[in-house]
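Observations on the model geometry
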Amino acid sequence: MGPEMQLQLIDERAARFRAEAARHRRALEAQTRRESSGKRRRSLFGKIIAT
């Protein structure tokens, strides 16, 4: 295999890894937002009831 072909394979693999990492990062951010938004609602709900 020539060096050009090896470089192309490395570039394609790196692009796939970057895309997968971006999807994973977005999924974690969405999960964090869902979890934190529920916590905020509960604390707000508790404050409304206490007053």
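Report follows, based on the coordinates. This structure is a prediction, so every number in the text was calculated from the model and none was measured.

Observations concerning the overall build of the protein
For the protein, the helix and strand inventory stands at one helix and zero strands. The burial tally for the protein puts 2% of its 51 residues in the buried class. Entry remark: accessible area of the protein is about 5000 Å², with carbon and sulfur atoms responsible for 60%.

Side note on the pattern of salt bridges
Any two side chains of opposite charge can pair, so long as their charged atoms come close to each other. Under the counting rule described, the total for this entry stands at one salt bridge. Glu-29 is the salt-bridge partner of Arg-33, the closest N and O atoms lying 3.9 Å from each other. Residue Arg-33 and its partner Glu-29 are located together in helix H1 (residues 3–50), separated by four residues, close to a single helical turn. Taking the relative accessible area as the measure of exposure, Arg-33 reaches 52% and is therefore exposed. Residue class for Glu-29 comes out partly exposed when judged on its relative accessible area of 40%.

As for the environment of Met-1
Along the chain, the position of Met-1 falls in the segment before H1. You can call Met-1 exposed: its relative accessible area is 67%. Beyond its immediate chain neighbours, meaning those up to four positions away, Met-1 contacts Gln-6 and Leu-9.

Describing a nonpolar patch on the surface
A contiguous nonpolar patch, built from Met-1, Met-5 and Leu-9 and spanning about 350 Å² of accessible area, is present on the exposed surface. Locating Leu-9 in the fold gives a position in helix H1. With relative accessibility at 44%, the residue Leu-9 sits in the partly exposed group.

Cut-offs used in this document
- Residues numbered from 1 in each chain as written.
- Predicted model: local features only at pLDDT ≥ 70, side-chain atom pairs only at ≥ 80, totals over all residues.
- Heavy atoms only, no water.
- Helix = DSSP H or I, 4+ residues; strand = E, 2+ residues; numbered from the N terminus.
- Buried < 20%, exposed > 50% of the residue type's maximum accessible area, 1.4 Å probe, protein only.
- Areas by Shrake-Rupley, 256 points an atom, 1.4 Å probe, with all protein chains shown as cover.
- Salt bridge = Lys/Arg side-chain N within 4 Å of Asp/Glu carboxyl O.
- Contact = heavy atoms within 4.5 Å.
- Patch = residues over 30% accessible without salt bridge, like charges linked within 9 Å, V, L, I, M, F, W, Y side chains within 5 Å.

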